[in-house]
Amino acid sequence: MARRRPVDLYVPLDALHIVLAWLLPSGAVVVGALGQFMLALVLLTVAFGVWLRLWRSRKKRRAMGRAPR
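Residue positions are given per chain, counting from 1 as you read along its sequence in written order. Per-residue local features of the predicted model are confined to residues with pLDDT of at least 70, and side-chain atom pairs are confined, for both listing and counting, to 80 or more; whole-chain, interface and lining totals are unaffected and use all residues. The side-chain figures draw on all heavy atoms in the structure; neither hydrogens nor water molecules are used.

Asks: Before we move on, could you go through the overall build of the chain and cite the residues and values that matter?
Replies: Put simply, DSSP H or I for four residues or longer makes a helix, DSSP E for two residues or longer makes a strand, and each gets a number counted from the N terminus. The helix and strand inventory of the chain stands at two helices and zero strands. Each residue's exposure class comes from its accessible area (1.4 Å probe, protein chains only) as a fraction of the maximum for that residue type: buried when under 20%, exposed when over 50%, partly exposed otherwise. Expressed as a percentage of its 69 residues, the buried residues of the chain come to 0%. Summing over all exposed atoms, the chain offers an accessible surface of approximately 7,200 Å²; the carbon and sulfur share of this is 71%. The accessible surface values rely on the Shrake-Rupley method and a 1.4 Å probe; as for residues, cover is taken only from the protein chains in view.

Asks: Any details on a positive patch on the surface? Residues and values, ideally.
Replies: Residues with no salt bridge and a relative accessible area higher than 30% make up the patches, which join like charges within 9 Å and nonpolar side chains (Val, Leu, Ile, Met, Phe, Trp, Tyr) within 5 Å. We count a salt bridge whenever a side-chain nitrogen from Lys or Arg sits within 4 Å of a carboxyl oxygen from Asp or Glu. For the purpose of counting charges, residues Lys and Arg are taken to be positive, whereas Asp and Glu are taken to be negative. His and the chain ends are not included. Where a charge lies is defined by one atom per residue type: Lys uses NZ, Arg uses CZ, Asp uses CG and Glu uses CD. Taken together, the side chains of R53, R56, K59 and K60 present a region of like positive charge at the surface. Checked against the element boundaries, K60 lands in helix α2 (residues 27-66). Overall, the relative accessible area of 57% leaves K60 in the exposed class.

Asks: Describe the packing of aromatic side chains, naming the residues involved and giving the relevant values.
Replies: Between two aromatic rings, the relevant description is the distance of the centres plus the angle of the planes. The rule is short: rings of Phe, Tyr and Trp, with Trp giving its six-membered ring, pair when the centres are within 6.5 Å, and they are stacked under 30 degrees, edge-to-face over 60, tilted in between. The final tally for this structure, using the stated rule, is two aromatic pairs. For the ring pair W51 and W55, a centre distance of 6.1 Å and an interplane angle of 10 degrees mean the geometry is stacked. Pair noted here: W51 and W55 are both in helix α2, with a separation of four residues, about one helical turn. Note on W55: relative accessible area 39%, which makes it partly exposed. Taken together, the ring pairs in this structure connect F48, W51 and W55 into an aromatic cluster.

Pasting the structure below:
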């Protein structure tokens, strides 16, 4: 059995590195995508809070309009 030299492993490792670099996004891309996702969640939460506040005030005004005087 022939013993492999470390130099013989450079080509497969380089190929693996190139394939992974092409398929996987860089760290900056991942952080940017997570930042966009978190911003979307915050904006959705704020929008839901505004909608809920408007809906509750509308409901309250309707109830006051129906109350006997």
